[in-house]
Amino acid sequence: MTERVPWVVGVSGASGTPYAAAVIRGLLAARQPVDLVVSRAARLTLLDETGIAWHDDADSLRSWLASPLDAEPSSALPDDAEFADVRFWSSGDLAAAPSSGSYRTRGMVVVPASTASIAGISLGLSKDLLQRAADVTRKERRPLVVVPREAPLTGATLRQLAALDDAGAVIVPASPAFYAKPKTIQQLVDFVAGKILDVMGIEHDLFTRWTGRLGT
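Analysis parameters
- Residues numbered from 1 in each chain as written.
- Predicted model: local features only at pLDDT ≥ 70, side-chain atom pairs only at ≥ 80, totals over all residues.
- Heavy atoms only, no water.
- Buried < 20%, exposed > 50% of the residue type's maximum accessible area, 1.4 Å probe, protein only.
- Helix = DSSP H or I, 4+ residues; strand = E, 2+ residues; numbered from the N terminus.
- Contact = heavy atoms within 4.5 Å.
- Pairing = 2+ DSSP bridges.
- Right-handed = clockwise from strand over helix to strand, strands pointing away.
- Axes fitted to C-alpha atoms, helices over the stretch in contact; angles between N-to-C directions.
- Parallel < 35°, antiparallel > 145°, perpendicular 65-115°, else oblique.
- Left-handed = near helix turned anticlockwise from the far one by under 90°.
- Nonpolar A, V, L, I, M, F, W, Y, C, P; charged D, E, K, R; others polar.
- Salt bridge = Lys/Arg side-chain N within 4 Å of Asp/Glu carboxyl O.

(A) Region of the structure containing helix H5 (residues 115–123). Listing the buried residues of H5 in full gives Ser117, Ile118, Ala119, Gly120, Ile121 and Ser122. In the core, the buried residues of H5 are packed alongside strand S4 (107–113), helix H6 (129–139), strand S5 (144–148) and helix H7 (155–166). Immediately beyond the C-terminal end of H5, within one or two residues, lies glycine 124, with a positive phi of roughly 70 degrees.

Quick look at the structure:
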């Protein structure tokens, strides 16, 4: 039997939950198992941005992924079999599997990453499961992707991001491009999600890649 080795997706309280939804859709479309940690602050942001009350279950996730901003998402909504390969962990459960280095994962992405989560991960505070799972990812030398979505950034946050980069994490700012002439907000979101998936080594078709020629 093939061992299940998931990607851990941590969703912090920064504005930008559509980025997380697009990344999760992309992972499930690529048949990648997901361990999902939604922080307490992220539950409030998710409710504010989507109207969805989060309950750490498949019904909450299905409602979230079926709610693109202004168009159909580029990736089809995952089927029930794909939803079955998502495990939900409470952010307050510091005994959860992702809190231990002996629990195998492919790595972790924190999307969006609030300045508080960046500080906690950089300093190794492990104040909740999201921060602890990220700290475990760092100590086990697994891929860690951090997606800040805030502007402007303070010197403290810039230094913390630089420290994470020095430690091997990849920093992917939520910064969409416009060369593909996006027509919807969802296309801008999908561009950022695609860049995140690129860093994770996940195949996707979320955006049009630059070919060196305008209009192609």
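(B) Molecular detail of the pairing of S5. Counted residue by residue, S5 has 5 buried out of 5 residues, so it is predominantly covered. Pairing geometry for S4 and S5, over 4 bridges, is parallel. Across the sheet, residue valine 109 finds its bridge partner in S5, namely valine 145. Alignment of S5 against strand S6 (residues 170–171), held across 2 bridges, turns out to be parallel. Its bridge partner lying in S6, valine 145 is registered against valine 170. Note on the crossover from S5 through H7 to S6: the handedness is right-handed.

(C) Focus on the packing of H5 against H6. It is the contact of H5 with H6, at a shortest axis distance of 9 Å, that shows an interaxial angle of 40 degrees. Here H5 is positioned oblique relative to H6, judged by the angle of their axes. Between H5 and H6 the crossing geometry is right-handed. On H6, the residues touching Ala116, Ser117, Gly120, Ile121 and Ser122 of H5 are Leu130, Gln131, Ala134 and Arg138. Taken together, the residues of the contact of H5 with H6 break down into 4 nonpolar, 4 polar and 1 charged.

(D) Local environment of the pattern of salt bridges. Here the structure, examined in full by the defined rule, presents 8 salt bridges. We note a salt bridge from arginine 104 to glutamate 3, for which the minimum N-O separation is 2.7 Å. Of the two residues, arginine 104 sits in the loop between strand S3 (86–90) and S4 while glutamate 3 sits in the segment before strand S1 (7–11), which places them 101 residues apart along the sequence. We classify glutamate 3 as partly exposed; its relative accessible area is 45%. One salt bridge connects aspartate 35 with arginine 4, and the closest N-O pair in it is separated by 2.9 Å. Here aspartate 35, found in strand S2 (residues 34–38), pairs with arginine 4, found in the segment before S1; they are 31 residues apart in sequence, far enough to count as distant. Bridged by salt links that share partners, the residues Arg4, Asp35 and Asp85 form one connected network.

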